[in-house]
Amino acid sequence: MKVDVLLGLQWGDEGKGKVVDVLTPRYDVIARFQGGPNAGHTLEFNNIKHVLHTIPSGIFRENKINVIGNGVVIDPAIFRKEIDSLSKIGFDISENLYVSRKAHLILPTHRLLDAASEAAKGKSKIGSTLKGIGPTYRDKIGRDGLRVGDLFENFDEKYNQRKEFHIKQLEKFYEFDYQEQLVQFEQEWFEGIELLKQYKMVNSEQFINDALNSGKSVIAEGAQGTLLDIDFGTYPFVTSSNTVCAGACTGLGIAPGKIGRVFGIFKAYCTRVGMGPFPTELFDETGQKLRDVGNEYGSTTGRPRRCGWIDMVALKYSIMVNGVTDLIMMKTDVLDNFDTIKACMAYKINGELTTELPYELNEKIEPVYTEVPGWNCDLTEVTSEDKFPDALKDYIRFIEKETGVNISIVSVGPNRNQTIIRDSF
Ligand code: GDP
Ligand code: IMO
Ligand code: MG
């Protein structure tokens, strides 16, 4: 068996959580491979709306194995809050959740360092979710990180050593006032540690490969999106992990040849939360309309998301670096009331046209648009593709022709059942 990968092709929040939940019945194992609680994956079904941060989106389906892989960074305090809110709505997930011993821990001081670093950057801040992601991956790559497996041996000593070092940084480089927050963060964090220790720990690379060898099917759930990838995103306005398909290999311990289908998920338009370039961003009433209709406010931070038209230059780039085999178009219903829809086909930079994503996306880029007719009807009740209005069929064909990849799933609302799996799936 192979591992199918589902990942975002834009700047995150494409709707990964919803689709992983929809596809989970087809798989035995659902695994997160990178990122951490900077992610906010929303699921809606049976009048439940739930946002997951660290826990894979397969958790609501019975008898499915959910794995937090080695590439993920875990904040035990947030982990505990997630578990608590799941148990409040009647889900006990202790049997179905497995945590990699090699996943790194976000320490309270990582969160403080994230805040201090952003404050120090002032106007050029990244717009981080302030969950401690950057500092945690920095320690991981610097070979100074603490892992879940460390919780069971001499942990206090290792923790205090790291904490003292971080405090020196906070005091010396950032002059950051940390004391009060640290006391509160640590209390929540150590409570979280006690809970985390009760979960099933695995060497997830062995666990996943054993599952594949015994005929189990696996889907890897990406977090963030390709344009936030540490290598291929709009650096430095990115997150600190590889969000692309290759991240599933390193974040779970699976060989490249074991990758099966790659589901690339995108919104029928485009959004971004946080700072950084966004060539097709709209600052006018159309942008506001997309935000209002699409309810574009961050699932993790509540910040308003920046909105704009679909960017085919960036989408094709994301398809290329991920080897996308199937496209999944989300939030199609948000475009229900537009006479025309625009798609950016090329960038004009200093008078020259290009269809290749440049080294830097900056203000010199002028998006060159094509216009296609909107469908001007309500898609939210549509249940099969033969009921699609002609203008939507044309929009789908247009994207498929431009990208050379089939759109296998079309989403027409936030609910689990507002999902049309096409015959081509
Ligand atoms: P993720 O991070 O990729 O899982 O996406 P988020 O959950 O952060 O953001 C997607 C938002 O869009 C959530 O509020 C979803 O409930 C919502 N959503 C997902 N699919 C659709 C859709 O097809 N139509 C509409 N209107 N909302 C959707
Ligand atoms: P999901 O999985 C959208 C953005 C932040 C910021 C940048 C760096 O829900 O799609 P970080 O906290 O990682 O240091 O922030 O990345 N960002 C996301 N934007 N969706 C996400 O996750 C994101 N995770 C991080 O807004 O611009
Ligand atoms: Mg999200």
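Source: prediction; values computed, not measured.

**Student:** Explain the pairing of strand β19 (residues 407-411) to me, using residue names and the numbers behind them.
**Tutor:** For β19, a buried count of 5 out of 5 residues is recorded, marking the element as mostly surrounded by other parts of the structure. Inspection of the sheet shows strand β15 (residues 326-330) paired to β19 by 3 bridges, in the parallel sense. The residue of β19 that forms the bridge with Leu327 is Ile407. Bridging between β19 and strand β20 (residues 419-421) involves 3 bridges; their strand directions are antiparallel.

**Student:** Could you give me a rundown of the coordination of the magnesium ion (ligand 3), with the residues and numbers involved?
**Tutor:** Octahedral metal centres with six donors ideally show angles of 90 or 180 degrees, and tetrahedral centres with four donors ideally show 109.5 degrees. With distances of 2.1 to 2.2 Å, the protein atoms coordinating the magnesium ion (ligand 3) are Asp13 (OD) and Gly40 (O). Taken as a pair, Asp13 in the loop between β1 (3-8) and α1 (16-23) and Gly40 in the loop between β2 (29-32) and β3 (41-45) lie far apart in primary sequence, 27 residues in all. We classify Gly40 as buried; its relative accessible area is 10%.

**Student:** An account of the packing of aromatic side chains is needed here, citing residue identities and associated values.
**Tutor:** Scanning all chains against the criterion turns up 14 aromatic pairs. Between Phe155 and Tyr159, the aromatic rings sit 6.1 Å apart at their centres with planes inclined by 35°, giving tilted as the arrangement. Separated by 4 residues within a single helix, Phe155 and Tyr159 lie in helix α5 (residues 155-172), roughly one turn from each other. Residue classification places Phe155 among the buried positions, given a relative accessible area of 7%. Taking the centre distance of 6.3 Å and the plane angle of 20° together, the rings of Tyr395 and Phe398 count as stacked. Of this pair, Tyr395 and Phe398 are both found in helix α11 (residues 390-403), 3 residues apart, which corresponds to roughly one turn of the helix. Looking at Phe398, the relative accessible area reads 17%, which means it is buried. Members of the aromatic cluster, connected to one another through ring pairs, are Phe155, Tyr159, Trp189 and Phe190. Between the NZ or CZ atom of Lys289 and the centre of the ring of Phe338, over which it lies, the distance is 3.9 Å.

Analysis parameters
- Residues numbered from 1 in each chain as written.
- Chains lettered and ligands numbered in written order.
- Predicted model: local features only at pLDDT ≥ 70, side-chain atom pairs only at ≥ 80, totals over all residues.
- Heavy atoms only, no water.
- Buried < 20%, exposed > 50% of the residue type's maximum accessible area, 1.4 Å probe, protein only.
- Helix = DSSP H or I, 4+ residues; strand = E, 2+ residues; numbered from the N terminus.
- Pairing = 2+ DSSP bridges.
- Donors = N, O, S within 2.8 Å, 3.2 Å for Na, K, Ca; no water.
- Phe/Tyr/Trp six-rings, centres within 6.5 Å; stacked < 30°, edge-to-face > 60°.
- Lys NZ or Arg CZ within 6 Å of the ring centre and 35° of its normal.

That is the geometry; function is a separate question.
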